[in-house]
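Each chain, letter by letter, is given below.
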Amino acid sequence: GSEAKDDDGQGLSGATFNLVKACVGSGVLSLPAAVAAIGDTSLALYPASMLLSGMGVVSAYSFYNIGRLCEEEGANTLTEAWEKTMGPDSSW
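Reading guide: rules and limits
Residues numbered from 1 in each chain as written. Predicted model: local features only at pLDDT ≥ 70, side-chain atom pairs only at ≥ 80, totals over all residues. Heavy atoms only, no water. Helix = DSSP H or I, 4+ residues; strand = E, 2+ residues; numbered from the N terminus. Buried < 20%, exposed > 50% of the residue type's maximum accessible area, 1.4 Å probe, protein only. Areas by Shrake-Rupley, 256 points an atom, 1.4 Å probe, with all protein chains shown as cover. Expected span 1.5 Å × (residues − 1). Axes fitted to C-alpha atoms, helices over the stretch in contact; angles between N-to-C directions. Left-handed = near helix turned anticlockwise from the far one by under 90°. Contact = heavy atoms within 4.5 Å. Nonpolar A, V, L, I, M, F, W, Y, C, P; charged D, E, K, R; others polar.

A. Just the overall build of the chain, in detail. Looking only at helices and strands, the chain features four helices and zero strands. When the elements of the chain are put in sequence order from the N terminus, they spell out α-α-α-α. Counting all 92 residues of the chain, 10% fall into the buried class. Here the chain has roughly 7,200 Å² of accessible surface; of this, 63% comes from carbon and sulfur atoms.

B. Local environment of helix H3 (residues 45–73). Between its first and last C-alpha atoms H3 spans 42 Å; for 29 residues at 1.5 Å apiece the expected length is 42 Å, and the two agree. Looking one or two residues beyond H3, the residue adopting positive phi is Gly 74, at roughly 70 degrees.

C. Spatial organisation of the packing of H3 against helix H4 (residues 78–86). Two elements in contact, H3 and H4, have axes whose closest approach is 9 Å; the angle formed by their N-to-C orientations is 65 degrees. In this structure, H3 crosses over H4, and the sense of that crossing is left-handed. Between H3 and H4, the residues in contact are Ile 66, Leu 69, Cys 70 and Glu 73 and Leu 78, Ala 81, Lys 84 and Thr 85, respectively. A class-by-class count of the residues in the contact of H3 with H4 yields five nonpolar, one polar and two charged.

Take a look at the structure:
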C-alpha cells in the first residue's frame, strides 16, 4: 500500500504491532491462568488488576525514557541511542 517503510521494509503498522507484541509478552497473557490458579473468588481480581496496572505504568515510563533519550541524542533507533551514549563497541 501507500504506507511509508523504513530501511528494513517494515511499515509503521507492522512496527507498531511488533512493539506491542514485545511489550505485552507472555507474562501479561498468562495473567488469567494465574488468577484462576489462585482461586475461584472474585477477590483475586483486585490484586491481579493492581499488578497489571503497576506493570503498565512501569512499562509506559520506560518507553517514555527511551523516547526522550532518542530525542536528546538525535537518534532514530534504540541502537543509535545506545551507540551515542555507551559507545559503538558495546552495541548489539
